[in-house]
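# Structural characterization, general
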Amino acid sequence: MKTVVLGVSGSVACYRACDIARELMRNDCRVRVCLTHAASKFVSPSLFEALTGQPCLVSAFDEPEQGRMAHIDWAREADVVTVAPATANILNKLANGYADDMLTTLALAYDGPTVVAPAMNPTMFGNETTQASLRAIEARGASIVWPQSGDVACGENGQGKLAAVQDIVDATLGVLARSKTLVGKTVLITSGPTQEPIDDVRFLSNRSSGKMGAALARAALDRGASVVLVTGPTNTVLPSGATLVWVRTAREMLAAAMSHVGNSDLIFGAAAVSDFSPAMLVSGKIRKADGLPTVALVVNPDIIAELAKAAPASARVIAFAAEPNPDLEVARRKLEEKGVYAVAHNDVSDAGIGFESDDNELTLVTRDREVRSPRAPKIVCAHWLLEQTTLPN
Ligand code: PMT
C-alpha cells in the first residue's frame, strides 16, 4: 500500500480534498492529510480524520505520537505528496523554502515525487509571482495539475478553478506508478558546459546552463533510479539525491564518466562538450601588450562515443544533437557516428528552447522511429525522454 500525504491549503475548493482523499483510498492508498491553518477554517481536521482513519496535522507542534517528529516521519513515509488545492500563498512558500507551519515544514523535509494542483482567483493565478513560483516548483520536478478556466467562487471568470478530482487522483496515481520504473537501474548523465582553459583567467566554453541535465537527473531519481550526474561548471541547482561529479574540461568529464559507465543502464549525453581545446595552456595571463595571440586548438575526445563503446551491452546510450536548425539529418548521422541507441535533436536556433531556457522540445531519432516531445518545461521533456528510452523492467 502506498502512502499519500495530501496537503490542503486554504481555498474555497478545500471541500473537494475530501473526494480526492476518498478516491485515493479506493485506489488502495493510505492517505494522511495535512491542513494549513487557513484550510482548517474551511474544513475541520476531524472530517479528514473520520474519512481517512488517520490523524490529521495542522499546527507545526501537532504530534500524534508522543516523542516523535511528525513532519519528519510523514515526510519519510510518504510515497508522494499531493498539495490540492494549492493557494498562491502555499505556492510562493513552497517555491521559496518557507517552513512556518506543518505543511511547509513537512514539504521541506520531503524530497520525493510531488503533485501540485493550484486553485485561486484568476488574477492571483496570473500574478507574476505566482507564475514564477509555479515554474520554480515544476522545474524542481513537481507535476502540476493545471487549474481550469471558468467561473470561480469570487464571481470572476478565468483560469483558477481547481482541476477535476479525477485528474488530481490520476496525476497522483501516475506519479506513484512511474516512481517504480527505474528502481534498481543506474542512470549516468553528462551535463552542462565544459571549460577549456586558454590561460589562468580565460577559457573556451558555451551557453549550456546545465538545466536539461539537471532535469534528466531529477526525472530519473523520481522514477527510482540511482543517478550519477557528471557536470561542468553551472549555477543551476542540482538534485541532492544524485551522485554529483564536478568537472571542468572535456578530458575531466570523459575520465569521470568512464569511471561510472560500467554500472550504468541508461546513459545520456546532455553536456555541451567543447569539441576543441587550446593546444597549450599559457600560465598566468596573456597580455595585450605582447601582441595578438594565436590560440592553436586540438580536438577533444568524443565522450558519448567513448561511453557507447565502453557501456555494458544491455545499456542504452542516448546522445543529444544541438543543431542550429530543425533538420534531422545531422541527428541521423550522429546516431551512426557515435554508435548510440538514440539521438535527441535539439533545435537551438529557436530562442524559447535549448540553451539556458526553462523549456525544451526534442525529437528523438532512433534507427526505427522519429518522435517529437511536447514543447514543455525541461522536466516534462526529461520524463518524456525517459519514457521513450527506458527498457521495461
Ligand atoms: O544546458 P542547457 O542550457 O539546459 O541546454 C541544454 C542543451 C542545449 C545543452 C542540451 O539539450 C543539448 O542539446 N546538449 C548537447 C549539446 C551538444 O554539445 O551537442 P553536439 O551536437 O555538439 O554534440 C552531440 C552529442 O555528443 C551530445 O550528446 C554531446 O554531449 C556529445 N559530445 C559532443 C562532443 C564531445 N567532444 N563529446 C561529446 O560527448
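Bear in mind the structure is a predicted one, so any value in this text is a computation, not a measurement. (Residues numbered from 1 in each chain as written. Predicted model: local features only at pLDDT ≥ 70, side-chain atom pairs only at ≥ 80, totals over all residues. Heavy atoms only, no water.)

## Some remarks on the overall build of the protein
When its secondary structure is counted, the protein shows 14 helices and 21 strands. A globule of 393 residues ought to have a C-alpha radius of gyration of about 21 Å, and the protein, at 24 Å, matches this closely. Expressed along its principal axes, the backbone C-alpha trace of the protein runs to roughly 75 × 50 × 45 Å. Relative to its full complement of 393 residues, the protein shows a buried share of 52%. The contacts of the protein with a sequence gap of at least 6 include a subset with a gap of at least 24, amounting to 65%. Carbon and sulfur atoms make up 51% of the accessible area of the protein, which amounts to about 17,900 Å² in all. Considering the protein, the positive charge centre built from 37 side chains and the negative charge centre built from 43 side chains are found 2 Å apart. (Helix = DSSP H or I, 4+ residues; strand = E, 2+ residues; numbered from the N terminus. Rg over C-alpha atoms; globule rule 2.2 N^0.38 Å. Buried < 20%, exposed > 50% of the residue type's maximum accessible area, 1.4 Å probe, protein only. Contact = heavy atoms within 4.5 Å. Areas by Shrake-Rupley, 256 points an atom, 1.4 Å probe, with all protein chains shown as cover. Lys, Arg positive; Asp, Glu negative; His and termini not counted. Charge placed at Lys NZ, Arg CZ, Asp CG, Glu CD.)

## Describing the nonpolar core
Nonpolar side chains tend to gather and get buried jointly when the protein is soluble and globular. Counting residues in each nonpolar core, the largest one holds 33 residues, and the members touching the most others are Leu6, Val8, Ile20, Val33, Leu35, Phe48 and Ile168. Elements supplying a minimum of two residues to this core: strand E1 (2-8), helix H1 (16-26), strand E2 (29-35), helix H3 (45-52), strand E3 (80-86), strand E4 (114-118) and helix H9 (165-178). Once residues lying within four places of it in the same chain are set aside, the contact partners of Ile168 are Ile20, Thr82, Ala84, Ala117, Val145, Leu162 and Ala163. Listed in part, the 31 residues of the second largest apolar core include Met212, Ala344, Leu364 and Leu386. (Core = buried A, V, L, I, M, F, W, Y, C linked by side-chain atoms within 4.5 Å.)

## Description of the domain arrangement of the protein
Each assigned domain of the protein is listed here: domain 1 (2-178) and domain 2 (186-389). Between domain 1 and domain 2, the C-alpha centre-to-centre distance is 35 Å. Taken together, the seven residues of domain 1 in the interface contact seven residues of domain 2. Between domain 1 and domain 2 lies a buried interface of about 730 Å² when both sides are counted; carbon and sulfur atoms form 48% of it. Inspection of the domain 1/domain 2 interface yields one salt bridge. (Domains from an automatic or database assignment. Buried area = accessible area lost by both parts, 1.4 Å probe. Salt bridge = Lys/Arg side-chain N within 4 Å of Asp/Glu carboxyl O.)

## What to know about the site of the ligand
Neighbouring the ligand are 27 residues, the closest being Ser208, Ser209, Gly269, Ala271 and Lys334. Ser208 places a polar side-chain atom, nitrogen or oxygen, 2.6 Å from an oxygen atom of the ligand. Side-chain polar atom of Ser209 to an oxygen atom of the ligand: 2.6 Å apart, as the coordinates give it. When the free accessible area of the ligand is taken as 770 Å², the share hidden by the protein chains comes to 95%. When residues of the shell around the ligand are assigned to their parent elements, the largest contribution, four residues, is made by strand E16 (residues 316-323). Split into classes, the residues belonging to the shell around the ligand amount to 13 nonpolar, seven polar and seven charged. (Near = heavy atom within 4 Å. Polar contact = N/O pair within 3.5 Å; in protein donor to acceptor, adjacent residues only side chain to side chain. Nonpolar A, V, L, I, M, F, W, Y, C, P; charged D, E, K, R; others polar.)

## What to know about a nonpolar patch on the surface
A contiguous nonpolar patch, built from Phe276, Val295, Leu297 and Val299 and spanning about 360 Å² of accessible area, is present on the exposed surface. Within the fold, Leu297 resides in strand E15 (residues 297-299). (Patch = residues over 30% accessible without salt bridge, like charges linked within 9 Å, V, L, I, M, F, W, Y side chains within 5 Å.)

## Regarding the sheet that holds strand E20 (residues 370-372)
As summarised here, the arrangement of the eight strands in space is E12-E11-E8-E13-E16-E17-E19-E20, forming an open sheet in which the pairing is mixed. Lying at the two open borders of the sheet, with one neighbouring strand each, are strand E12 (243-246) and E20. Each strand axis lies, on average, 15° off the axis of its neighbour in the sheet, ignoring direction. Of the strands in this sheet, strand E8 (186-191), strand E11 (226-231), strand E13 (266-269), E16 and strand E19 (362-365) are in contact with helix H10 (residues 211-222), which crosses E8 at around 170°. (Pairing = 2+ DSSP bridges. Axes fitted to C-alpha atoms, helices over the stretch in contact; angles between N-to-C directions.)

## A look at the packing of helix H11 (residues 250-261) against helix H12 (residues 303-310)
Across the interface, H11 lies against H12 with an axial gap of 10 Å and an inter-helix angle of 20°. When the axis of H11 is compared with that of H12, the two are roughly parallel. Remark: the crossing between H11 and H12 carries right-handed chirality. Contacts between H11 and H12 involve Ala250, Met253, Leu254, Ala257, Met258 and Val261 from the former and Ile303, Glu306, Leu307 and Ala310 from the latter. Considering only residue class, the contact of H11 with H12 consists of nine nonpolar, no polar and one charged. (Parallel < 35°, antiparallel > 145°, perpendicular 65-115°, else oblique. Left-handed = near helix turned anticlockwise from the far one by under 90°.)

## Focus on the pattern of salt bridges
For the coordinates displayed, the defined rule picks out 20 salt bridges. Glu77 is the partner of Arg32 in a salt bridge, and the nearest nitrogen-oxygen pair spans 2.8 Å. With Arg32 in strand E2 and Glu77 in helix H4 (residues 70-77), this residue pair connects regions lying 45 residues apart in the sequence. By relative accessible area, Arg32 is classed as buried at 9%. Given a relative accessible area of 36%, Glu77 falls into the partly exposed group. Notably, a salt bridge pairs Asp350 with Arg375, separated by 2.8 Å at the nearest N-O pair. One end of the pair, Asp350, is in the loop between strand E17 (342-347) and strand E18 (359-360); the other, Arg375, is in the loop between E20 and strand E21 (376-377), with 25 residues separating them in the sequence. Residue class for Arg375 comes out partly exposed when judged on its relative accessible area of 46%.

## Some words on the environment of Thr82
Within the secondary structure, Thr82 is located in strand E3. What makes Thr82 buried here is its relative accessible area of 0%. Thr82 sits 34 residues away from Val116 along the chain, and the two C-alpha atoms are 5.8 Å apart. Non-local contacts of Thr82, meaning those with residues more than four positions away in its chain, are made with Val4, Val5, Leu6, Gly7, Val115, Ile168 and Thr172.

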